[in-house]
Amino acid sequence: MEPRVYNFSPGPAVLPLKVLEEAQRNLVSLPGIGISPLEISHRSAWFEGVLAETEAHLRRLLAVPDNYRVLFLQGGSRLQFYMVPLNLLSGSTRSAEYIVTGTWGKTALQEAVRQGQVRVVYDGKATNFDRLPKPGELKLDPQAAYVHFTSNETIQGVQFAAEPEVGDVPLVCDASSDFLCRPLPIERYGLIYACAQKNAGPAGVTIVVVRDDLLERVPDGLPTMLDYRTYVKEKLMPNTPPVFAIYIVMLVTRWLLEDVGGLDKMLQRNRQKAKLLYDEVDAAPEVYRGHAQPSDRSLMNVTFRLPDDETQARFLSGAQACGLAELKGHRSVGGIRASIYNAMPLEGVELLAGFMREFAQQKR
Ligand SMILES: *Cc1c(COP(=O)(O)O)cnc(C)c1O
């Protein structure tokens, strides 16, 4: 096999090696069935089992209460930017409130304004999205249809440590890039969505967790496949779901339960990994300039800049030579972005931290 590098890509992103190896063993022929998971019918008993097990894993990992549905959709998180307001705002006299803390929140907002009244209650643009609103800074309407926020802004590397306080207004969260990185108080949410390809699996499936009473607000007459209720009514399968992607999510969530030991343990590991990198950033401020304010730093996407383009190019090529790949930041922030999702092994992060330390010493 071709040797693997440490893949710091923001998404699609690294998957647990154990998951890849199991999928590889079964790729050509599932034991006792003789059909590939890429070929098998979504109506098969095997896939019914996969779907049930994946849902059960998610419910266990996140302690999802019984009055929430777990759905597996397609179209990525960007389709959720449209489906959320279509289902929860269109036809309503209320307005939706958007907390815009980075590029993804801004993109979500652009879809919401097509569906009804929208109010931006926080916009971090003035400081290039390097910080989050402080508790008490948000002035929310208690009558709003919902409040939308992005728990982790993948491009800027800012992450909410706790949910914004919204009272009884349904809280809607784009958790695409930090879903399953820590336990969540699901009962504080109305709806959470996350495309799988950052932290939960491969591209092709998007997980939605939605509280039952929100489904009662959905207006009639929506396009069938854009109405959340269709997926509940049709037992998650109104059409052919992304069988293989869901199979991988099942293996990833099994890994989280059985190998990692749950989301508390995962959070400990994630904190340990992130600290290694932020410590290097803080130790060499003349070389590394962190993008996010320290209090709002992401555990998943570590963003920092180097003094100039030439130094950055040297950093990236030096890292690549050590097997540390996909570290270039997004063009809107520049610099370096190390995405260290659940599946990034500690050794990969230690190697990067060591590389950063040596690189800073050479610069001195
Ligand atoms: C990647 C990402 C998206 C976009 O997801 P797609 O599945 O490509 O549509 C949206 N929001 C956040 C926070 C992301 O990280």
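Residues numbered from 1 in each chain as written. Predicted model: local features only at pLDDT ≥ 70, side-chain atom pairs only at ≥ 80, totals over all residues. Heavy atoms only, no water.

**Let's talk about the packing of helix α8 (residues 263-283) against helix α10 (residues 346-363)**
1) Next: α10 packs onto α8 with a crossing angle of 5° between their chain directions and a minimal axis gap of 9 Å. Classified by the interaxial angle, the pair formed by α8 and α10 is roughly parallel. Where α8 abuts α10, its residues Q272, K273, L276, L277, E280 and V281 lie against L346, V349, E350, L352, A353, M356 and R357. (Axes fitted to C-alpha atoms, helices over the stretch in contact; angles between N-to-C directions. Helix = DSSP H or I, 4+ residues; strand = E, 2+ residues; numbered from the N terminus. Parallel < 35°, antiparallel > 145°, perpendicular 65-115°, else oblique. Contact = heavy atoms within 4.5 Å.)

**Some details on the sheet that holds strand β10 (residues 206-211)**
By way of backbone hydrogen bonds, the strands of a sheet pair with one another, either parallel or antiparallel.
1) Next: Read across the sheet, 7 strands follow the order β2-β10-β9-β8-β5-β3-β4 without closing on themselves; strand pairing throughout is mixed. Two strands lie at the open edges of the sheet, namely β2 (68-73) and β4 (117-123), each paired on one side alone. Direction aside, neighbouring strands of the sheet carry axes that sit 15° apart on average.
2) Next: When β2 meets β10, the two strands line up antiparallel, connected through 6 bridges. Residue pairing in the sheet places V70 in a bridge with V209 of β10.
3) Next: Of the strands in this sheet, β2 and β10 touch helix α2 (residues 45-62), which is tilted by about 130° from β2.
4) Next: Set on the sheet, helix α3 (residues 76-88) makes contact with β2, β3 (95-100), β5 (146-150), β8 (171-174), β9 (191-195) and β10; between it and β9 the angle comes to about 160°. (Pairing = 2+ DSSP bridges.)

**Remarks on helix α7 (residues 243-260)**
1) Next: Taking 1.5 Å as the rise per residue, α7 with 18 residues should run 26 Å; its terminal C-alpha atoms sit 25 Å apart, in good agreement.
2) Next: The buried fraction of α7 is high, at 14 of 18 residues.
3) Next: Of the residues flanking the end of α7, it is G261, one or two places downstream, whose phi is positive at about 95°. (Expected span 1.5 Å × (residues − 1). Buried < 20%, exposed > 50% of the residue type's maximum accessible area, 1.4 Å probe, protein only.)

**Remarks on the packing of α7 against α8**
1) Next: Look at α7 against α8: their axes get within 9 Å of each other, and the N-to-C directions meet at 85°. Classified by the angle their axes make, α7 and α8 are roughly perpendicular. When α7 is examined against α8, the residues W255, L256, D259 and V260 are found in contact with a partner set consisting of L263, K265, M266 and R269.

**Let's talk about the site of the ligand**
1) Next: In the vicinity of the ligand lie 14 residues, with R78, T154, D174, Q197 and K198 positioned nearest.
2) Next: Look at the ligand: alone it shows 390 Å² of surface, and the protein chains cover 87% of it.
3) Next: No other element matches α3, which puts 4 residues into the shell around the ligand.
4) Next: A class-by-class count of the residues in the shell around the ligand yields 3 nonpolar, 8 polar and 3 charged. (Near = heavy atom within 4 Å. Areas by Shrake-Rupley, 256 points an atom, 1.4 Å probe, with all protein chains shown as cover. Nonpolar A, V, L, I, M, F, W, Y, C, P; charged D, E, K, R; others polar.)

**Points about the pairing of strand β14 (residues 336-339)**
1) Next: What you see with β14 is no split at all: I336 and A338 on one side and R337 and S339 on the other are buried throughout.
2) Next: Across 4 bridges, strand β12 (residues 301-305) lies against β14 in antiparallel orientation. Residue pairing for β14: V302 is matched across the bridge by A338.

**With respect to the packing of aromatic side chains**
1) Next: Enumeration according to the criterion identifies 14 aromatic pairs in this entry.
2) Next: Relative to F47, the ring of W46 lies with its centre 6.5 Å away and its plane at 45°, an arrangement referred to as tilted.
3) Next: We classify W46 as buried; its relative accessible area is 18%.
4) Next: F47 sits in the buried class, given a relative accessible area of 0%.
5) Next: Geometrically, the ring pair formed by Y288 and F304 is edge-to-face, given 5.3 Å between the ring centres and 75° between the ring planes. (Phe/Tyr/Trp six-rings, centres within 6.5 Å; stacked < 30°, edge-to-face > 60°.)

**Considering the pattern of salt bridges**
1) Next: Counted under the stated rule, the structure contains 17 salt bridges.
2) Next: Across the pair E55 and R59 runs a salt bridge whose closest N-O atoms are separated by 2.9 Å. In this pair, E55 and R59 are both assigned in helix α2, 4 residues apart and thus about one turn of the helix distant.
3) Next: With a shortest N-O distance of 3.1 Å, R229 and D220 are connected by a salt bridge.
4) Next: On the accessibility criterion, D220 (65% relative accessible area) is exposed. (Salt bridge = Lys/Arg side-chain N within 4 Å of Asp/Glu carboxyl O.)

**Some thoughts on the domain arrangement of the chain**
1) Next: Annotation of the chain at the domain level lists domain 1 (6-15 + 262-363) and domain 2 (18-260).
2) Next: Computed over C-alpha atoms only, the centres of domain 1 and domain 2 are separated by 26 Å.
3) Next: Listed by partner, the interface residues are 31 residues for domain 1 and 36 residues for domain 2.
4) Next: Carbon and sulfur atoms make up 57% of the surface buried where domain 1 meets domain 2, a total of about 2700 Å² over both sides.
5) Next: Looking only at domain 1, the three residues that lose the most surface to domain 2 are L15, L263 and D296, adding up to 27% of its buried area.
6) Next: For the pair domain 1 and domain 2, the number of links is 0 salt bridges.
7) Next: Linking domain 1 with domain 2 are 15 residue pairs in polar contact (both at pLDDT 80 or more).
8) Next: Contributions of two or more residues to the side of domain 1 that touches domain 2 are made by α8 and β12.
9) Next: Tallying contributions element by element places α8 first for the side of domain 1 that touches domain 2, with 7 residues.
10) Next: Class assignment of the residues belonging to the side of domain 1 that touches domain 2 gives a composition of 13 nonpolar, 12 polar and 6 charged. (Domains from an automatic or database assignment. Buried area = accessible area lost by both parts, 1.4 Å probe. Polar contact = N/O pair within 3.5 Å; in protein donor to acceptor, adjacent residues only side chain to side chain.)

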